[in-house]
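# Inside the fold
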Amino acid sequence: MNKEMQDLVAWVIKATKSAGADHCKVNLDSNRSVEISYRDRRPENIKEASTKALNIEIYANGRFSLQSTSDLRKGALQDFIANAVAATKLLAEDPLRTLPDPTYYEGRAEVDLELVDPAYKSFSPEARHEMVKSLEKACLRQGGDKVVSVTAQEQDGAQESLQMTSNGFFGYAQGTTYSVFAEMTAKDEGDRRPNGYSYAVAVARKDLPGTEAIGIEAAQRTLAMLGAKKIKTETLPVIVENQNVGRIFGGLMAAMFGRSIQQKRSFLADKKGQPVASKHLTLIDDPFIKGGLGSRLFDGDGFSAKKRTMIEAGILKEFFIDWYYSRKLGVEPTSGSAANLVIPPGPRSVKEIMKDLGRGILITGFIGGNSNPTTGDTSIGISGQLFAKGEPVQAVAEMNIADNHLKFWNKLIEVANDPFLYSSRRFPSLVFENIVVSGL
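Residues numbered from 1 in each chain as written. Predicted model: local features only at pLDDT ≥ 70, side-chain atom pairs only at ≥ 80, totals over all residues. Heavy atoms only, no water.

## Notes on the sheet that holds strand 16 (residues 425–426)
Note the cut-off: Criterion used throughout: strands pair if DSSP finds at least two bridges between them. Secondary structure elements follow DSSP: runs of H or I of four or more residues count as helices, runs of E of two or more count as strands, with numbering from the N terminus.
Taken together, the five strands give an open sheet; going across it, the order is 10-9-8-11-16, and neighbouring strands pair in mixed fashion. The two strands at the open ends of the sheet, each matched to only one other strand, are strand 10 (315–316) and strand 16. As paired elements, strand 8 (residues 283–285) and strand 11 (residues 341–342) share two bridges and run antiparallel to each other. Pairing of D285 across the sheet is with L341, part of strand 11.

Following this line, the structure appears as structure tokens:
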């Protein structure tokens with residue numbers, strides 16, 4: 001626990017109430033971040049930053065405002081708070097904007113989520129540079145004479161956050177993160193310059209895959225797109241690769257939030273308890289995964305974290321509803337944000353599934369696209385590999401799939417056994433049937 005942060009936040013709570021607020025919530029964040037990238041075997045960017053930010057939610061005379069400052073001197077804060085409270089009292093009333101009922105703060109789990117890497121403090125600048133050099137070297141070697149350019153990057157950071165409310169909530173969280181990224185652009189026929197990338201993110205450095213493996217994968221993904229072209233429009237089974245599932249899933253998830261429902265922008269608003277996908281889709285929001293990138297003991301409202309099944313065998317069970325929108329909708333709140341989203345993996349590998357499917361497309365990238373949360377209509381560009389008898393036969397690009405989410409997710413026929421663990425969206429590859437893939 002950071003005593004200095006705790007004392008400052010307690011002082012801000014007291015000062016805000018003394019300035020005329022009925023209630024307030026104060027959040028103090030402290031972050032340190034480092035970024036190193038290489039290009040052409042030389043450092044391209046070296047950045048280090050330390051920041052602190054204080055956010056105050058002010059509730060005064062039935063009115064609300066959110067104010068932020070990075071000037072943490074008490075003299076400056078005194079003036080900032082007085083002006084912020086006075087400005088809040090000039091706003092329109094919103095009686096539904098209140099701090100949560102304190103009963104939702106109760107029942108917090110007492111568990112170490114292992115969100116801090118003890119080795120972070122000893123992560124030296126030399127080790128960071130060696131990591132990026134190794135990443136770039138592996139990508140260049142694997143790319144060979146097809147390489148136009150390679151960018152290799154490492155980012156890491158340490159975060160602290162302390163949150164307190166005037167009605168009794170107190171929460172403190174710490175964390176560390178590491179991310180590594182490699183991207184390659186290759187020479188192809190004519191003016192084509194396909195590029196591909198690979199990345200990984202983790203709380204602890206020991207949980208990252210080897211940097212050489214990431215560099216090699218970035219090159220392999222790029223080389224696999226050489227000669228990519230459109231094929232004729234066809235109805236095919238498709239497999240969406242694990243690390244790309246989040247992109248298409250985002251269109252379904254956007255309709256699961258209280259804000260969308262209250263503002264009549266959700267095609268799922270009246271679907272709770274009803275099927276919205278095939279029986280193969282189960283979605284769990286699990287905040288208690290040790291070392292999980294979205295793990296937490298409380299959410300932004302201060303609600304004690306709970307594991308929830310959001311979709312079970314295709315049936316929509318829950319929405320993401322924060323305190324404010326629960327009051328607007330007149331329903332019980334859950335949480336206004338997701339922690340770690342998990343789709344339970346199936347028993348078979350992508351390779352095994354491809355053999356059984358015969359002919360289809362393995363989608364390894366999405367381009368552009370849009371999704372309408374009101375109607376569920378979606379359209380997105382794809383790239384990947386056409387396969388036959390389980391083997392890639394042609395790289396494809398500049399193609400498109402269009403559907404409605406309520407139809408699309410009912411075409412899910414299998415879940416692979418390869419969850420992508422370097423994200424808070426721990427999704428495996430998903431297999432869909434009867435997808436119209438538009439090309440020539």
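That was the structure; now back to the text.
## Focus on the packing of helix 3 (residues 125–143) against helix 4 (residues 211–223)
Relative orientation and spacing of two packed helices are given, respectively, by the angle between their axes and the distance between those axes. Note the following rule: Orientation is described by axes fitted as lines to C-alpha atoms, over the contacting stretch for helices, and by angles from 0 to 180 degrees between their N-to-C directions. Here a crossing is taken to be left-handed if its near helix is turned anticlockwise relative to the far helix by less than a right angle, and right-handed if that turn runs clockwise. Between two residues, a contact is recorded if the distance between any of their heavy atoms is within 4.5 Å. As a working rule, the residues Ala, Val, Leu, Ile, Met, Phe, Trp, Tyr, Cys and Pro are called nonpolar, Asp, Glu, Lys and Arg charged, and the rest polar, with Gly in that last group.
Axis separation between helix 3 and helix 4 bottoms out at 7 Å; the angle between their running directions is 35 degrees. For the pair helix 3 and helix 4, the crossing hand works out as right-handed. Touching M131, S134, L135, A138, C139, R141, Q142 and G143 of helix 3 are T211, E212, I214, G215, I216, A218, A219, Q220 and L223, all from helix 4. In terms of residue class, the contact of helix 3 with helix 4 is made up of nine nonpolar, six polar and two charged.

## What about the pattern of salt bridges?
Basically, it comes down to this: Each salt bridge in this description consists of a side-chain nitrogen of Lys or Arg and a carboxyl oxygen of Asp or Glu lying within 4 Å of one another.
Enumeration over the complete set of coordinates arrives at 21 salt bridges. Between E312 and K317 there is a salt bridge, with its nearest N and O atoms 4.0 Å apart. One continuous salt-bridge network, built from bridges that share partners, spans R348, D356 and E414.

## Observations regarding the packing of aromatic side chains
This is how the line gets drawn: The aromatic pairing rule takes the rings of Phe, Tyr and Trp, using the six-membered ring of Trp, and pairs them if the centres are within 6.5 Å, calling planes under 30 degrees apart stacked, those over 60 edge-to-face and the rest tilted. Relative accessibility decides the category of a residue: with a 1.4 Å probe and only protein chains considered, values under 20% of the type maximum give buried, values over 50% give exposed, and everything between is partly exposed. For a ring to carry a charge above it, either NZ of a lysine or CZ of an arginine must fall within 6 Å of the ring centroid while also lying within 35 degrees of the normal to the ring plane.
Counted according to the given criterion, the structure contains 18 aromatic pairs. A centroid spacing of 5.1 Å and a plane angle of 45 degrees characterise the contact between Y59 and F64, whose relative ring orientation is tilted. For Y59, a relative accessible area of 9% translates into the label buried. Site record: aromatic cluster; members linked through ring pairs are F181, Y197, Y199, F420 and Y422. Sitting over the face of the ring of Y324, R97 holds its NZ or CZ atom 3.6 Å from the ring centroid.

## Overview of unusual backbone geometry
Positive phi is not limited to glycine here, since D40 has a value of about 55 degrees. Considering the arrangement of structural elements, one finds D40 in the loop between strand 1 (23–39) and strand 2 (42–60). Even without being glycine, R41 reaches a positive phi, approximately 65 degrees. Locating R41 in the fold gives a position in the loop between strand 1 and strand 2. R41 gets classed as exposed once you look at its relative accessible area, which sits at 62%.

## Considerations on the side chain of D301
What counts is decided by this rule: Two residue types count as positive, namely Lys and Arg, and two as negative, namely Asp and Glu; His and chain ends fall outside the count. Contacts described as polar in this section are N or O atom pairs within 3.5 Å, which, within protein, must combine one atom able to donate a hydrogen with one able to accept it, while residues neighboring in sequence count only if both atoms come from side chains.
Considering the arrangement of structural elements, one finds D301 in the loop between strand 8 and strand 9 (308–312). Buried charged residue D301 carries no salt bridge. Nearest counter-charge: K25, at 4.6 Å. Engagement of the side chain of D301 in a polar contact is seen with the backbone nitrogen of W323, the distance being 3.0 Å.

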